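Fold and contact review
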Amino acid sequence: MAKAWQRPFVNVFRHCRVGEWRRCSKEGDVAAVTDESLRCAVYRILGAPSAGGYIQLPGTSTQSLGLTGRYLYVLFRPLPGKHFVIQLDVATEDGQVVRMSFSNLFKEFKSTATWLQFPLICGAGAATKDEKGGTRVGPSDARWTCLQLDLRDILLVYVNRRYGHLKSVKLCASLLVKSLYTSDLCFDPTLTVAEAQRARLRVTPVPREMAFPVPKGESWYDHYVHLRPWVLCPVASVAVRSLPDFLGRVPQLLPHPRASSSATQDGAPSAGPIAVSAPAPLHTGLEGGGLRVLTAPVLLQPCQAPSVPRSLPEVSLFCERSEVPTGSEPSAPAHARHKHAAGNGVGVSAPKPTVVPTVRGDVAMHEPFGGKQSKQEVALAEHLFRQRSFLPDPILRLKGVVGFGGHSTKWALWTKDGSAVVYPCHAVVVVLRTDTREQRCLLGHTDKVSALALDGDNVLLASAQARPSSMLRLWDFRTGACLSLFRSPAHMLCSLSFSCGGALLCGVGKDRQGRTVVVAWGTAQVGRGGEPVLLAKTHTGVDIQAFEVAFFDETRMASCGQGSVRLWRLRGGQLRSCPVDLGEHRVLELTDLAFGPAQDGHMLYVCGRSGHILEIDHQHMAMRQARRLLPVWTPGSPVSQKQTFGSGPGISISSLSMSQATCAVGSEDGYLRLWPLDFSSVLLEAEHEGPVTWVRVSPDGLRVLSATSLGHLGFLDVPSREYRVLVRSHTAPVLALATECSHGQLATVSQDHTVRIWDLATLQQLHDLRSPEEAPCTVAFHPTRPALFCGFSSGAVCSFSLESAEVLAVHRCHQGPVTGLAASPDGSLLFSSCSSGTLAQYHCATTQCRILRVAANVVCRDAHPTPNALVLSGDSRLLAFVGPSKYVVTIMNAALLEELLRVDVSALDLSSARLASAVALYFGPGPPGHLLVSTSSSTVVVLDSTSGRVVRELPDVHSGACPSLALSRDARFLLTATDRAIKVWDYLTQACPGCQVYIGHSEPVRAVAFAPDQQRLLSVGDAIFLWDILGPLERSPPGSAGDSPGVPPTCEASLDARQLEDMVSGAHGLPRQQVPKPSQASPLLLGVCAGPLRDDDGAFSWSDEEGLSEESHIPEGLCQGSSLPVLVKEASGAGDRVWGSPGGPRGFSMRPHPHGWPSAWGTRKAQVRPSARPDCYRHFVARYKTSSLPKSASVSRGSAERLLLKVVMGYNGNGRANMVWKPDTGFFAYTSGCLVVVEDLHSGAQQHWLGHPEEISTLALSHDAQVLASASGCGSTASCCQIRIWNVPGGSCRQLMSYHSTAVQALAFSPDDELLVTLGDYGDRTLALWSMATCELLSATCLPEPVHGVAFNPRDAGELACVGQRAVTLWLLHGPNASLQGRREPLPEELGAGELTSLCYGAAPLLYCGSNAGQVCVWDTSASRCFLAWEADDGEIGVLLCSGARLVSGSNTRRLRLWAVGAVPELRCKGSRARSSSVFMECELTLDGAVVSAVFHDTMDMGVVGTTAGTLWYVSWAEGSSTRLISGHRSKVNEVVFSPSASHWATCSDDGSVRVWSLASMELLIQFQVLNQGCLCLAWSPASCAHPEQQQVAAGYSDGTLRVFSISRIAMELKMHPHWAALTAIAYSADGQTILSGDKDGLVAVSCPRTGMTFCVLSDHRGALISTVQSRSKEHGDFGAQWADLWLAASSDQCISIWAADWPQGHCELVDWLSSPSPTLMEGPSHPPSPLVAFCPWDGALLACAGLGVRPEVVFYSLHQKQVVERIPLPFFAVSLSLSPGARLVAVGFAERVLRLVDCESGTMQDFAGHDDLVQLCRFAPSARLLFSAAHSEILVWEVTGPWAAGGASGSGPRLG
């Protein structure tokens, strides 16, 4: 985000108020003097640098300038014969501070990782050596110098870090300094603005404030020195291999043609060089079209005046980023941009690995910097020139675009002869011939086209884009060449209109203040080589919806809008207007206008939302007649028969167009109607699928063009009465694509909840699959059958027949959105993956697809749907995917799902500071079997699919991660895409392959692919682009995938548009000759819903009586409430009706229906479609859970509760504002899962308020601290969120309220505590106001867009504010019912198009708002304006708090900052002149995560802050410190173990940490952290192994390593690698001398912790995950074995083995083996989980087992009797089990979020709630007095009461039931 207040430059002296010395400091002899040559005041610093004379900006080291400008300009003059030092502290993006020192005191360059020292010699003479060998510091006539430093490049080259901001500057004696400036612009100090305009140079002249005065007639170089070391490259640590990356980031042409030579020019004396040396040749800069290479030694000297002025050569810049040529358009002068070629594609070639400018063939290569090139330089330059691209260039040509609109569904124009239509498709202007469907695409816009205009002679075409700043292009319509590119005075143009002759162009838009602007340009000279001339511009206060220049008089115009029609005239260079008296119609909302014929001349026709059509005499400025379009009903008939004009409710008209005899009208009821000019009756009408937004009659009056809001474009042919659809399009971004070979079809998936199938030959839509409630994510064709597979966000995978248009099967084996879908090339198998990590395999060789295997936790979780998530090799043998983590790529046997290979891509680039993750995959044609992997580090790695070795690497493929890639069948071309650019690579070239870059998309490209014929390629994003490959593709090599029998041959589509139209019965495009009666009830949109079949009402569902399809295997409980889409086969004609084909399997049926009409049965209530999650972390998103609350639970049969909740460990960092603190009373509360934890900060005692069924999102405390409000999200058991009101003194829930449907984003009490406002999240978008006296809903309003925060005015209970997308909304409460009235104030354009994410009120009437770009803006609520903004952080600001003159900001960069804002109220009076220099940062702290909640004392000296890491911090600004209050794991807790002395306990988690806690205080003592690995199991060494001071903890990790940590030494003692797979269970032997570990592959390893050797591996459980390993000494009999140690292992295949061992002697013997027949694998979690087993502590001859069978129960197995002796039934399958060592108690955890305690003596059972997820862990402490349970990351500590606990206990706990 641009730093608006720092543009175009910042005067650092003025910013720090040098002279007042408040925000800066001075030391020694510093004085302000007047310099005679500059004729202004400067500062003189005298004395030696060691003496301490300096100026420091800012004043203290704890403060920061925070200036982000790339260039620093220092205007100074060294004193003759004196030394000086300029010292800079520069902060990098990752927070590292690097100090740069420039001085004539230094003799050589030196550097470290945090310090750079540059020798700097200024003046007119050269540097010389004195008698002692030192450096002479400069001549006696030292001149004023402009030192220009590129801070970004210096950091990049020398320390390989990215520039963040300038932190501080220190200027040390002896020198004179005028000022310092920072800017993102590269200024030329030798030119002024006037000189640059006169010379028409493409440079940025220095601002007047920075300019040095030059006497008239003299040269700037005669008086001053310009030091510009563009790239200082003397560092030995800069390797040559990093050079391409550097050049790829800073390709530039120097702004002016002066020579800046590294060596002295011929005959020219050298002047004051900067002496550096380079050990290796490095590129330093680009100028004059040449390439410069520096070799040691290098002298970088000041820029000298050129001896002979030269003009810049015409060059073509080949760059990595497509924005480089287009992004400079707004700032380029008009004369330099009047020629722009626009062909069928915009290609930008980029060499690899370097980026260099190359001179065109007709321009001679200039010598760089005015000097001669060495042979090495010439050779390198020629080599780089040759490798820049490959032939032919360009290799692609844009053939066609599928889409319409983008910015709006308007602006479709006829050509003069009516043979073609011109319309926008996002950033492309398309010219479509209506007879042949051929397209001509005009490319050049960088954003969506917002308006079009075509002159009457079809010579000029004008187009405007929405951003930036409404750039306009004028095109030669015949050739497609761009004649002119210029910027409009209006900030955003919404309408354009040409005069008939094309000499005048008018536009209407909005300026930056939101006022309407009308602009007129003269365009008569554009086609003759001239530029458009701005004739007039005027502002108006009236609303303008349509504007048109009269075709009969180009000086007359008309406009219409809200309640106004105005007539305009251009005269004398001014635009003037006068209103038309509309009388009683002045309140109408008018939408469109058109000039038409009349008996006495011409008439103006205007239409409106109310159905009115007004006839206006423009000559007399009077309204003649008003008509209204009304529906007329006959008595007893529910439908209308015809439309007439009269009174009553009208039909909203959105557009109209006139011809000589007719008037075409488009209305929001979906009808296009053609009327005669007397409007006596309807001549023709055509019904559309959605509201008609645009109509235009062709010049001959025989065709009527119409567009709808659904993205459809077509025309009505009046003579034949036929309607033809020209374009159908998605109305939201396209997410994925799939191609089909045999018929040449394309399937696309979009965010508009549709899947569409297109004919690649005609680009026409064939089928349409709509899913109103479930979003489709992925799509795949069957390779050999006409079938389509689609994955949905609900986890469903559907199979559709394209022949019969029916649903074949529905599978629901996934619990999250489907992220990948792929069919094997031979057509036998289908694979799908979901975000919960599940991989499914289907048999799809026949029509009925069935599931073969389902594997859990193998695919990367939380992945986003992508077309390259699952890939199969060409021979169908190998399957590759990203998982189980994002850093690992797994290759499996596709038929058996056996893992063959794992490759860790994070370890491929060891030099990178960040871990690389896999983003996309693609199998190359084989043989050889190569797998291409795109990583997050912008690299494509080619792996050998057999060995996993890296075969090849393509670094820096894009500037960001590449989400999609494809390789041609002959492996010649590699296709990659990221952001809005597409790259085609010459893949066959091994060394430095060339590429070509193509742009055209206005949004990020989501997917790319080659067409089945390999002669075209496809890219999808905002629209569907089809590109022709101009180069001939080679044949596939023998044996490759292209020639294999498994790949069907390429063939053309066999059905044309007419044949497809004939195939669909009843779908014809004839308009109706008589107006039919519309139905009163809307037709149903049929869907496939899971639920009981109620009646035959046209909606179809699964029938419980019929049973489920054998192929679908839909488990019970998974088929509730989902609505799957219906497949509709569509005709290419017929714009008014679309039909389906009846018939389907097992209760499925298809019926005709109009698209887009809501279903009357399939939804519970009409809802606003949820928005996508905004680009901010401020919104609460509940953690995904597979568990659900139980429908019922057992009631305790005992008299007293056995468990009391004592302590909750951890804070929920996933919540937002979920912590409250009242310093006055000491009340402190926070949330953990679904619990409200109230804690005494002094004693640590806790209270727990239970009641929420789901995770709590936010809290709010009343101002008197008597009432607490909490809110939780909706879950499977409730359709609305719960809001609970608690009495703080008693801790009881006073009221339960519900209104919001998805989640509550924020809560806030009014200042008087009488009202509570609740804000729904982005899916709910409602604002509700409640009375706290009655807890009743007073008022609620639906918000048009997501809102991120809400706050009451602390001084006025009748005012509150909300922040959201680019706006602040101020609400006022009116009346006794507190009705809400809002006013939306948009964000100023200077601050960019960001999101406001946080807010707080300051001193009246100030409102502080934070944005996701790190800015804080200040609003004056009384004037509703933003008057001040500053850059407060680098990331999103989620928390703002203000009290008095202090402001606290917290962001997702982990920074907490304190700002002094005492001067802000005074700046309010300055308005637009206010500057943020009075706001400065007092202190800064960096925490362990993004800040999500914060509360501070009124003095702002201390406070409590919560982060996403699950930590609560006590912050003291006075001490500048942060103290950890509450800490917990941020990921799933996998194990809890206890020390033998019961004084400590330890936990391990998926976050890779092992934490040791005190059992008495429950405080964290030690933490061991392993990065990038999850710790899955843990064991504490037994007491028998050593002394207490030598206690150890053994931990097993996901990479197969085992680490032993010493508790006393707080260090890792040993690391072993006994397994290749992840460790899942671990245990010490009874004597502590042996460690037993089990992994996910079923292997049990026996290792020695003293030597680190693994001396035994048992494979009896091979193939199944080891879930439990436990060991103890054999104290209770021999059980048939003689050895002393007894241990057991349990595996996921429901097998348990019991062993006796003597490890020192190397003996191990199987004692017993328990197993249960494994049930049939089903598609849900209803099958038993892995068995749980433990030795019984009260009877050593017993084993307690759970999950060892098909029934949920706990069984006790006797090792003596070899049989089950006791069974305890359970309501659900157990997921955790623990036995008390002190009594016959068993604790069982369930996936239904319930913890059950079973008393085996009395048989009583009690269920306890309090967890918000499955209870994956429960463990009794050795003392038997405490029970620990864990659900995800939260740990609950329970006190066990009863006779076995000392003293007993009383009270009540959160018992369920």
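Everything here concerns the structure above.
None of the values given here were measured: they were computed from a predicted structure.

Formed by 69 residues in total, the largest nonpolar core has its most connected members in Tyr423, Leu461, Leu496, Leu505 and Leu713. With residues up to four places along the chain from it excluded, the contact list for Leu505 reads Ala453, Ala462, Leu472, Leu474, Leu496, Ser497, Phe498, Val519, Ala520, Trp521 and Thr523. Core analysis: the second largest hydrophobic core is formed by 45 residues, Ile86, Phe118, Val169 and Leu175 among them.

Within strand 62 (residues 818-823), six of the six residues are buried, leaving the element largely enclosed by the surrounding structure. As defined by bridge partners, strand 62 adjoins strand 63 (residues 829-834) across five bridges and the pair is classed as antiparallel. Paired with Ala822 across the strands is Phe831, a residue of strand 63. The turn joining strand 62 and strand 63, which pair antiparallel and follow one another in sequence, is formed by five residues; a positive phi near 80° is taken by Gly827.

Bringing the packing of aromatic side chains into the picture now. Working definition: an aromatic ring pair is given by the centre-to-centre distance plus the angle between the planes. Counted according to the given criterion, the structure contains 42 aromatic pairs. When the ring of Phe118 is compared with that of Tyr158, the centres are 5.3 Å apart and the planes differ by 80°; the resulting orientation is edge-to-face. Remark: Tyr158 occurs in helix 2 (residues 151-158) and Phe118 occurs in strand 10 (residues 115-119); sequence separation between them is 40 residues. Across the pair, Tyr158 and Phe118 agree in class, each one buried. On the basis of an interplanar angle of 45° and a centroid distance of 6.3 Å, the ring pair of Trp1738 and Phe1756 is categorised as tilted. You can see Trp1738 sitting in the loop between strand 130 (1732-1735) and strand 131 (1742-1746) and its partner Phe1756 sitting in strand 132 (residues 1753-1758), a full 18 residues away along the chain. The ring of Trp694 carries Arg696 above its face, with NZ or CZ at 3.9 Å from the centroid. It is Arg1603 that lies over the ring of Tyr1597; its NZ or CZ is 4.7 Å from the centre.

A separate point is the pattern of salt bridges. A side chain of one charge can pair with a side chain of the opposite charge if their charged atoms are brought near each other. Taken as a whole, this structure holds 46 salt bridges when the rule is applied. Of the charged contacts, one joins Asp89 and Arg99 as a salt bridge, the two residues approaching to 2.8 Å between their closest N and O atoms. Linking Asp89 in strand 7 (residues 85-92) with Arg99 in strand 8 (residues 97-103), this pair joins segments that are 10 residues apart in sequence. Of the residues examined, Asp89 reaches a relative accessible area of 11% and is grouped as buried. Asp752 is paired through a salt bridge with Arg756; the nearest N and O atoms lie 3.8 Å apart. For Asp752, a relative accessible area of 8% translates into the label buried. Look at Arg756 and you get buried, because its relative accessible area is 2%.

What follows is about the sheet that holds strand 33 (residues 492-498). Here we have four strands laid out as an open sheet, ordered 33-34-35-36, and antiparallel in their pairing. The sheet is open, and its two borders are formed by strand 33 and strand 36 (533-540), each paired with just one other strand. Along the sheet, successive strands turn relative to each other by an average axial angle of 20°, direction set aside. Of the strand pairs in this sheet, strand 34 (residues 504-510) and strand 35 (residues 516-522) are connected by seven bridges, and their pairing is antiparallel. Bridged to Lys510 within strand 35 is Thr516.

Burial analysis of helix 2 places seven of its eight residues in the buried class, the great majority of the element. Taken as a whole, helix 2 has its buried residues at Leu151, Asp153, Ile154, Leu155, Leu156, Val157 and Tyr158. Backbone geometry just after helix 2 places Asn160 at a positive phi near 55°.

With that settled, consider the sheet that holds strand 123 (residues 1635-1639). Taken together, the four strands give an open sheet; going across it, the order is 122-123-124-125, and neighbouring strands pair in antiparallel fashion. Strands with a single pairing partner mark the edges of an open sheet, and in this sheet they are strand 122 (1623-1628) and strand 125 (1654-1658). Adjacent strand axes in the sheet meet at a mean angle of 20° when their direction is disregarded. In the sheet, strand 124 (residues 1644-1647) pairs with strand 125 via four bridges, with the strands oriented antiparallel. Bridging from a neighbouring strand, Val1644 pairs with Leu1658 of strand 125.

Our focus in this paragraph is unusual backbone geometry. The omega torsion across Leu57 and Pro58 is -10°, close enough to zero to call that bond cis. Counting through the fold element by element, Pro58 comes out in the loop between strand 5 (54-57) and strand 6 (71-78). Between Ala173 and Ser174 the backbone carries a cis peptide bond, its omega angle lying at 5°. With respect to the element layout, Ser174 can be found in the loop between strand 12 (163-172) and strand 13 (175-183). Its identity as a non-glycine residue notwithstanding, Asn857 has a phi of 60°, on the positive side. Looking at the secondary structure, you find Asn857 in the loop between strand 65 (850-855) and strand 66 (870-872). Residue Asn857 is classed as partly exposed on the basis of its relative accessible area, which comes to 42%.

Bringing the pairing of strand 55 (residues 745-750) into the picture now. Most of strand 55 sits out of view: six of its six residues are buried. Going residue by residue along strand 55, you find Gln745, Ala747 and Val749 tucked away on one face and Leu746, Thr748 and Ser750 tucked away on the opposite face as well. Between strand 54 (residues 734-740) and strand 55, which pair antiparallel and follow one another directly, the connecting turn spans four residues, one of which, Gly744, has a positive phi of 60°. Pairing analysis gives five bridges linking strand 55 to strand 56 (residues 754-759), with the strands arranged antiparallel. Residue Gln745 lies in a different strand from strand 56, and its bridge partner there is Asp759.

Residue placement: Glu689 occurs in the loop between strand 49 (684-687) and strand 50 (692-697). A polar atom in the side chain of Glu689 sits 3.3 Å from the side chain of Arg728.

As a further point, take the environment of Ser1531. Assignment of secondary structure puts Ser1531 in the loop between strand 113 (1521-1526) and strand 114 (1533-1538). With 21 residues separating them in the primary sequence, Ser1531 and Gly1552 have C-alpha atoms 8.9 Å apart. In this view, Ser1531 contacts Ser1549, Asp1550, Asp1551, His1832 and Ser1833; residues no more than four positions away in its chain are not counted.

The rules behind the values
- Residues numbered from 1 in each chain as written.
- Predicted model: local features only at pLDDT ≥ 70, side-chain atom pairs only at ≥ 80, totals over all residues.
- Heavy atoms only, no water.
- Core = buried A, V, L, I, M, F, W, Y, C linked by side-chain atoms within 4.5 Å.
- Buried < 20%, exposed > 50% of the residue type's maximum accessible area, 1.4 Å probe, protein only.
- Contact = heavy atoms within 4.5 Å.
- Helix = DSSP H or I, 4+ residues; strand = E, 2+ residues; numbered from the N terminus.
- Pairing = 2+ DSSP bridges.
- Phe/Tyr/Trp six-rings, centres within 6.5 Å; stacked < 30°, edge-to-face > 60°.
- Lys NZ or Arg CZ within 6 Å of the ring centre and 35° of its normal.
- Salt bridge = Lys/Arg side-chain N within 4 Å of Asp/Glu carboxyl O.
- Axes fitted to C-alpha atoms, helices over the stretch in contact; angles between N-to-C directions.
- Polar contact = N/O pair within 3.5 Å; in protein donor to acceptor, adjacent residues only side chain to side chain.

Fair warning: the whole summary comes from geometry, so function is off the table for now.
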